[in-house]
Structure formats: C-alpha cells, structure tokens
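If you want the building blocks of each chain, they are given just below.
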Amino acid sequence: SYSGTVAGAPRVALRRPGSSSAGAGRKSSGGTSRKSDGQSRPKPAGQIRRDKKLTPIVPPDQVPKANPRDDPYCAEVLRRCVKISKGHARELVERGDEALGLVLNENCHICRSRKETVLMFPCGRHGYCENHCRTRLSCAATDYNPEERTKLPVDHCPVCSLT
C-alpha cells in the first residue's frame, strides 16, 4: 500500500489495484525475525548444513585433503610422471636441443599474465615467471644459462608431471 495526499485533505492510505486489504506489506512466516534486532542466526560450527537447494555444505575443516605423502598410490603416480618428464628433458639434452628456454614477453602459467622473462620447461608449453620460479621451484629463471645446456635448474615440467 502507499499513501497519497491531496491539497487540504487529510492523509489517506490508498490501495493499489489487485492488492488485498488484509496483511498489507510483507507476509509473515509465522516465526520471529532476528533480523529486526540486527542479529543473524548463528551457524552451527563443525556440522554439515544445507543450502537453499538442499545441497549439503561440509565445513572446510572436515573436507579430506589430498596428501600424496600419506597415499602410496598418489605418490607412485606422481613419481612416475616426474620420471617421464625428466626422461623427456634428458632426451632433449642428448640430442643437443635446449631443454629449458628463457622466453621474452610470454605468459606465466601460474599468474596468467604476460611477463618480461619466463622460463619455459622441457615440454615447451608451460613456463613460470621469475617470481614463481623463486617461490615454487627455489631457483631463479635467470639461473639457466643456455650455453651450458647440461646444467638445468629444473629438469622436468612441474605442470605436466601433475597431469
């Protein structure tokens, strides 16, 4: 409902067409609302709850985390993938090709932004910027010297070995 005034007339509540006179405004659900006093309903700590579509929401502390050190199958798959990637790098070095490459003006696989210098891995598809080489691989992208092809700071592609 809304109220309107006419010059000199008292204030009268007017009804919109199609609205009923009973229960003007919001419909009540029958319960008391805590929103009116500025409080929200406390969320149960550590319990699985459901969202509006009744999908169960598991608290983050109860979600099992993948840990390859604890799972022998996961550790074995990672070990084999790294072995394959290292073999690919070894083949490139034996043929006399560059296993790693310093590429200018390329996208970093992690931050997905164009960087001035990127270290490309033996696969030729993935590369890390200077910052991510330092933080994730504990080496600098500039540690690689293309003239000394047998000395590699990284001898496998960390991205390909995870897929």
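All figures in this text were calculated on a predicted structure; none of them were measured in a lab.

The rules behind these values
Residues numbered from 1 in each chain as written. Predicted model: local features only at pLDDT ≥ 70, side-chain atom pairs only at ≥ 80, totals over all residues. Heavy atoms only, no water. Helix = DSSP H or I, 4+ residues; strand = E, 2+ residues; numbered from the N terminus. Contact = heavy atoms within 4.5 Å. Areas by Shrake-Rupley, 256 points an atom, 1.4 Å probe, with all protein chains shown as cover. Buried < 20%, exposed > 50% of the residue type's maximum accessible area, 1.4 Å probe, protein only. Pairing = 2+ DSSP bridges. Axes fitted to C-alpha atoms, helices over the stretch in contact; angles between N-to-C directions. Polar contact = N/O pair within 3.5 Å; in protein donor to acceptor, adjacent residues only side chain to side chain. Phe/Tyr/Trp six-rings, centres within 6.5 Å; stacked < 30°, edge-to-face > 60°. Salt bridge = Lys/Arg side-chain N within 4 Å of Asp/Glu carboxyl O.

## Points about the overall build of the chain
The secondary structure content of the chain amounts to two helices and seven strands. Beginning at the N terminus, the succession of helices and strands in the chain can be written as β-β-β-β-α-β-β-β-α. Considering only contacts in the chain between residues 6 or more positions apart, those separated by 24 or more positions represent 31%. Looking at the chain as shown, the accessible area adds up to about 12,900 Å², and 50% of this sits on carbon and sulfur atoms.

## Some points on unusual backbone geometry
Phi is positive for Arg 112, which is not a glycine, with a value near 55 degrees. Along the chain, Arg 112 falls in the loop between β5 (101-107) and β6 (114-120). Given a relative accessible area of 64%, Arg 112 falls into the exposed group. Although it is not a glycine, Ser 138 sits at a positive phi angle of roughly 60 degrees. Here Ser 138 shows up in the segment after α2 (130-137).

## A few points about the sheet that holds β6
Spatially, three strands are ordered β5-β6-β7 in an open sheet, and the strand pairing comes out antiparallel. Each of the sheet's edge strands pairs with one partner strand only, and the pair in question is β5 and β7 (127-129). Neighbour-to-neighbour, the strand axes of the sheet open up by a mean angle of 40 degrees, direction not taken into account. Summarising the sheet, β5 and β6 pair through six bridges and their orientation is antiparallel. Bridge assignment links Asn 107 to a residue of β6, and that residue is Arg 114. Contacting β6 and β7, α2 runs over the sheet at an angle of about 100 degrees to β7.

## Focus: the side chain of His 156
Position of His 156 relative to the elements: it lies in the segment after α2. With relative accessibility at 19%, the residue His 156 sits in the buried group. Side-chain polar atoms of His 156 contact the side chain of Asp 155, separated by 3.2 Å. Apart from the residues lying within four places of it in its own chain, the contact partners of His 156 are Val 82, Ser 85, Lys 86, Phe 121, Pro 122 and Ser 161.

## A few points about the packing of aromatic side chains
In the structure shown here, the tally under the stated rule is one aromatic pair. A ring pair is formed by Phe 121 and Tyr 128, whose centres lie 5.0 Å apart and whose planes are at 85 degrees; its orientation type is edge-to-face.

## Things to note about the pattern of salt bridges
Throughout the structure, instances matching the rule amount to six salt bridges. One salt bridge in this structure joins Glu 76 and Arg 79, with 2.7 Å as the shortest N-O distance. Highlighted residues: Glu 76 and Arg 79, both in helix α1 (residues 72-95), separated by three residues, approximately one helical turn. Asp 97 serves as the salt-bridge partner of Arg 95, at 3.8 Å between the closest nitrogen and oxygen. Judged by relative accessible area, which is 36%, Asp 97 ranks as partly exposed. A cluster of three or more residues bridged by salt bridges with shared partners is formed by Glu 76, Arg 79 and Arg 80.

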